[in-house]
Amino acid sequence: MTFIRKLGALSLMGLRRTGRMGLFLAKTFFFTVTPPLKFSQLLKQIRFIGFQSALVIFMTGAFTGMVLGLQGFYTLNRFGSAALLGPMVSLSLIKELGPVLSALMVTGRAGSAITAEIGIMRITEQIEAIELMGLNPFRYLVVPKFLAGILALPLLTAIFDVVGIFGGYLVGVKLLGIGEGTYFGEMANYVRVQDVAEGIYKSLSFGVLITWVCCYKGYYVGFGAEGVSKATTQAVVLSSVLILFWDYVLTSALF
Amino acid sequence: MIKIENLYKSFEDLNVLKDVSLQVERGEILALIGGSGHGKTVILKHVAGLMKPDRGHVYINGKDVFRLRRDELEQLRSQLGFLFQSGALFSSITVFDNVAFPLREKTHFSEQEIREKVLTALEQVGLGGAEDKYPAQISGGMLKRTALARSLVRHPEIMLFDEPTTGLDPVIAHTILDLIKSIHQDLGFTGMIVSHELSRVFQIVQKVAMLHDGVILFVGTPEEIMASRDPIVRQFITEALSIPSSAMKNFSQEEKLNQKG
């Protein structure tokens, strides 16, 4: 009986938290599409989430492309299809690795900071101070981050893809001797606009997902420094798992 | 005017407020006293509309805080100042920008006018010259004074002070309370103050309410509470003022003289 009671209590708590998260997203959407927009805050967040993540995205993209070039060459060579290295690298990056790895890197770099920032503002009563000045904390804190995430993620993914394709080129063409024309020519034959669009849709939705989860976890943080540290960990873990889950859902829906 | 009517609030199984009713007249300051953890801050947060009660009402100038629409609540809050126990300053911006924040966000003053108002407010709290410092670079007393300047810069009609002197040395604590007294004389706001600095607070308030175990045990003037026969009130006042209970009657008379003088 105690077990059933505990199970019931846990289920109710899970349901309540899911509902609260859903309401948080609905409120964020509402305040995003209704004026006024804190434009200076938006620019600040685009700089933080987008521009300041560019270097880490550049590095990750370069090494991912180089590894793909190396692995792809040896695998394709076994079947005598090394000429298809360009399409293999580019399609892997554009459709899958670019959006997913960019999102995971942004979660680690910017998402954790978003949760910590909002969480610290909550425990030091700064959010209540904003409310008491007659301002809406959603408009001031959440909406700029949310919009910046939606705008920055596709752009960062594009950087990741381009740098990755160039990394594959360096290994495949310059190191392993595939023809330059073959690498890019086959790429042009196989990559469709639809593939690029698929990558953009994914990165847009990851932008929503990361900022939603990370802002939510900061907004409803627990108590003290321990609460902030727990919330930050939870935000990164939950965002990462949801990115991979949502990637599967989108891939199966888009094909 | 602030009117609290039959307020109940509980957190999970803990009943924090049990039928609290209070009234603060226009231009009056009420001191809310009582032991730590008895719900004094919870009352202030209800008055500011930051918490919703299980039951009961809070009226500010006749309007029920919990029945206002979002835009009405924002309007009401623009006439309200709140000094948080922690100061709640924005750590990423300077002292000047902290004080200027509500003016920039909620008024249409020019940057020049804002500058003048902020510098005046900082002078008023004795922080002239500290405007370019960040909250992490200033002392606890300066932090509280910055927060006081920020809460007062829009000349609110209602001020709520949540332990404005906690964590400060006695000299700075007295300075803060003297500041509140002089600003009240200038602006004439209606206020509520939670503080343990009873001797000083009794000189600046017109009314005192003692909260004990979620219930208002006593409401009256500082002189009346000093003369109270209630054993819990007497014990609290005696310990808070660190005076022998036999001296309480004399202290009450002295307070009266101080207020007249």
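Residues numbered from 1 in each chain as written. Chains lettered and ligands numbered in written order. Predicted model: local features only at pLDDT ≥ 70, side-chain atom pairs only at ≥ 80, totals over all residues.

1. A look at the overall build of chain B
Alright, step 1. Within chain B, the secondary structure is distributed over ten helices and ten strands.
Alright, step 2. Its C-alpha atoms give chain B principal-axis dimensions of about 55 × 40 × 35 Å.
Alright, step 3. For chain B, buried positions account for 42% of its 261 residues.
Alright, step 4. Counted over contacts in chain B with a minimum sequence separation of 6, partners at least 24 positions apart contribute 65%. (Helix = DSSP H or I, 4+ residues; strand = E, 2+ residues; numbered from the N terminus. Buried ≥ 20, exposed ≤ 12 C-beta atoms within 10 Å, placed from the backbone. Contact = placed C-beta atoms within 7 Å.)

2. So, the overall build of chain A
Alright, step 1. Broken down by element type, chain A carries nine helices and zero strands.
Alright, step 2. Secondary structure elements in chain A, listed N-terminal to C-terminal, are α-α-α-α-α-α-α-α-α.
Alright, step 3. With respect to the principal axes defined by its C-alpha atoms, chain A has extents near 65 × 55 × 30 Å.
Alright, step 4. When the 255 residues of chain A are sorted by exposure, 40% land in the buried category.
Alright, step 5. Restricting the contact set of chain A to residue pairs at least 6 apart, pairs at least 24 apart contribute 88%.

3. Describing the interface of chain B and chain A
Alright, step 1. In this assembly, 15 residues from chain B lie in contact with ten residues from chain A.
Alright, step 2. For the side of chain B that touches chain A, the secondary-structure elements that each account for two or more residues are α2 (70-77), β6 (80-83) and α3 (95-106) of chain B.
Alright, step 3. Partitioned by chemical class, the residues of the side of chain B that touches chain A number eight nonpolar, three polar and four charged. (Nonpolar A, V, L, I, M, F, W, Y, C, P; charged D, E, K, R; others polar.)

4. Topic: helix α2 (residues 39-50) of chain A
Residue and element names in this part refer to chain A.
Alright, step 1. The end-to-end C-alpha distance of α2 is 16 Å, a good match for the 16 Å that twelve residues give at a rise of 1.5 Å each.
Alright, step 2. Along α2, the positions that sit buried rather than exposed are Gln 45, Ile 49 and Gly 50. Relative to the axis of α2, the buried residues are bounded by an arc of 100° and lie together on one face. The exposed set on the far side of α2, more than 90 degrees from its buried face, consists of Ser 40, Leu 43 and Arg 47.
Alright, step 3. Elements in contact with the buried residues of α2: α4 (85-123) and α6 (137-175). (Expected span 1.5 Å × (residues − 1). Arc of directions from axis to C-beta.)

5. Side note on the sheet that holds strand β9 (residues 207-212) of chain B
Strand pairing in a sheet is mediated by backbone hydrogen bonds. Such pairs are either parallel or antiparallel.
Residue and element names in this part refer to chain B.
Alright, step 1. The strand order across the open sheet formed by six strands is β6-β7-β8-β3-β9-β10, and the pairing between neighbours is mixed. The open sheet terminates on both sides in strands that have one partner only, identified here as β6 and β10 (215-220). This sheet shows a mean twist of 15° between the axes of neighbouring strands, independent of strand direction.
Alright, step 2. Here four bridges tie strand β3 (residues 29-33) to β9, and the two strands are oriented parallel to one another. Opposite Ala 31, over in β9, you have Val 208 as the bridge partner. (Pairing = 2+ DSSP bridges. Axes fitted to C-alpha atoms, helices over the stretch in contact; angles between N-to-C directions.)

6. Notes on the packing of α6(A) against helix α8 (residues 193-219) of chain A
Residues and elements named next belong to chain A.
Alright, step 1. Interhelical geometry of α6 versus α8 gives an angle of 140° and a closest axis separation of 8 Å. Classified by the angle between their axes, α6 and α8 sit oblique to one another. The handedness of the crossing between α6 and α8 comes out as right-handed. Contacts between α6 and α8 pair Val 142, Lys 145, Phe 146, Gly 149, Ile 150, Ala 152, Leu 153, Pro 154, Thr 157 and Asp 161 from the former with Gly 199, Ile 200, Ser 203, Leu 204, Phe 206, Gly 207, Val 208, Ile 210, Thr 211 and Cys 215 from the latter.
Alright, step 2. Residues of the contact of α6 with α8, tallied by class, amount to twelve nonpolar, six polar and two charged. (Parallel < 35°, antiparallel > 145°, perpendicular 65-115°, else oblique. Left-handed = near helix turned anticlockwise from the far one by under 90°.)

7. Section: the sheet that holds strand β4 (residues 55-60) of chain B
All names here are of chain B.
Alright, step 1. Across the sheet, which stays open at both edges, the four strands sit in the order β2-β1-β4-β5 with antiparallel pairing between neighbours. Each edge of the open sheet carries a strand with a single partner, namely β2 (14-24) and β5 (63-64).
Alright, step 2. Where strand β1 (residues 2-11) and β2 come together, eight bridges link them in antiparallel fashion. In the sheet register, Lys 3 faces β2, and the bridge partner there is Gln 23.
Alright, step 3. Sheet contacts for helix α1 (residues 40-47): β1, β2 and β4; angle to β1, the most-contacted strand, approximately 120°.

8. Details of unusual backbone geometry
Residue and element names in this part refer to chain A.
Alright, step 1. Cis geometry marks the peptide bond from Pro 35 to Pro 36; its omega dihedral reads 0°.
Alright, step 2. Its identity is not glycine, yet Glu 125 carries a phi of approximately 65°, on the positive side.
Alright, step 3. Among the secondary structure elements, Glu 125 is positioned in the loop between α4 and α5 (126-132).
Alright, step 4. In this structure Glu 125 comes out as buried when scored by C-beta crowding, with 21 C-beta atoms within 10 Å.

9. Examining the domain arrangement of chain B
Residue and element names in this part refer to chain B.
Alright, step 1. Here chain B is partitioned into domain 1 (2-79 + 157-222) and domain 2 (89-155).
Alright, step 2. The distance between the C-alpha centroids of domain 1 and domain 2 comes to 23 Å.
Alright, step 3. With ten residues of domain 1 in contact, the opposing surface of domain 2 contributes twelve residues.
Alright, step 4. Partitioned by chemical class, the residues of the side of domain 1 that touches domain 2 number eight nonpolar, two polar and no charged. (Domains from an automatic or database assignment.)

10. Things to note about the environment of Gly222(A)
All names here are of chain A.
Alright, step 1. Within the element layout of this structure, Gly 222 appears in the loop between α8 and α9 (224-254).
Alright, step 2. A C-alpha to C-alpha distance of 9.2 Å links Gly 222 and Arg 122, two positions 100 residues apart in sequence.
Alright, step 3. Setting aside anything within four residues of it in sequence, one finds Gly 222 in contact with Gly 227, Lys 230 and Ala 231.

11. Considering the pairing of strand β7 (residues 158-162) of chain B
Residues and elements named next belong to chain B.
Alright, step 1. For β7, the buried fraction is high: five of the five residues fall into the buried class.
Alright, step 2. Burial of the side chains of β7 extends over both faces: Ile 158, Leu 160 and Asp 162 are buried on one face and Met 159 and Phe 161 on the other.
Alright, step 3. Bridge count for β7 against strand β8 (residues 190-194) is five bridges, and the pairing is parallel. Following the sheet pairing, Met 159 is matched in β8 by Gly 191.
Alright, step 4. Handedness of the β-α-β unit built from β7, helix α6 (residues 170-187) and β8 comes out right-handed. (Right-handed = clockwise from strand over helix to strand, strands pointing away.)

12. Quick notes on the packing of helix α3 (residues 54-78) of chain A against α4(A)
Residues and elements named next belong to chain A.
Alright, step 1. Where α3 contacts α4, the axes come no closer than 10 Å and their chain directions differ by 145°. Between α3 and α4 lies a crossing of right-handed hand. Counting all contacts with α3, which are made through Val 56, Ile 57, Thr 60, Thr 64, Gly 65, Leu 68, Gly 69, Gly 72, Phe 73 and Leu 76, the residues of α4 involved are Leu 85, Met 88, Val 89, Ser 92, Leu 93, Leu 97, Leu 101, Ser 102, Met 105 and Arg 109.

13. Re the environment of Ala148(A)
Residues and elements named next belong to chain A.
Alright, step 1. Position of Ala 148 among the secondary structure elements: in helix α6.
Alright, step 2. Considering only alpha carbons, one finds Ala 148 and Arg 47, 101 residues apart in sequence, at a separation of 8.5 Å.
Alright, step 3. Here Ala 148 is in contact with Leu 42, Gln 45, Ile 46, Ile 49 and Gly 50, once residues within four sequence places are set aside.

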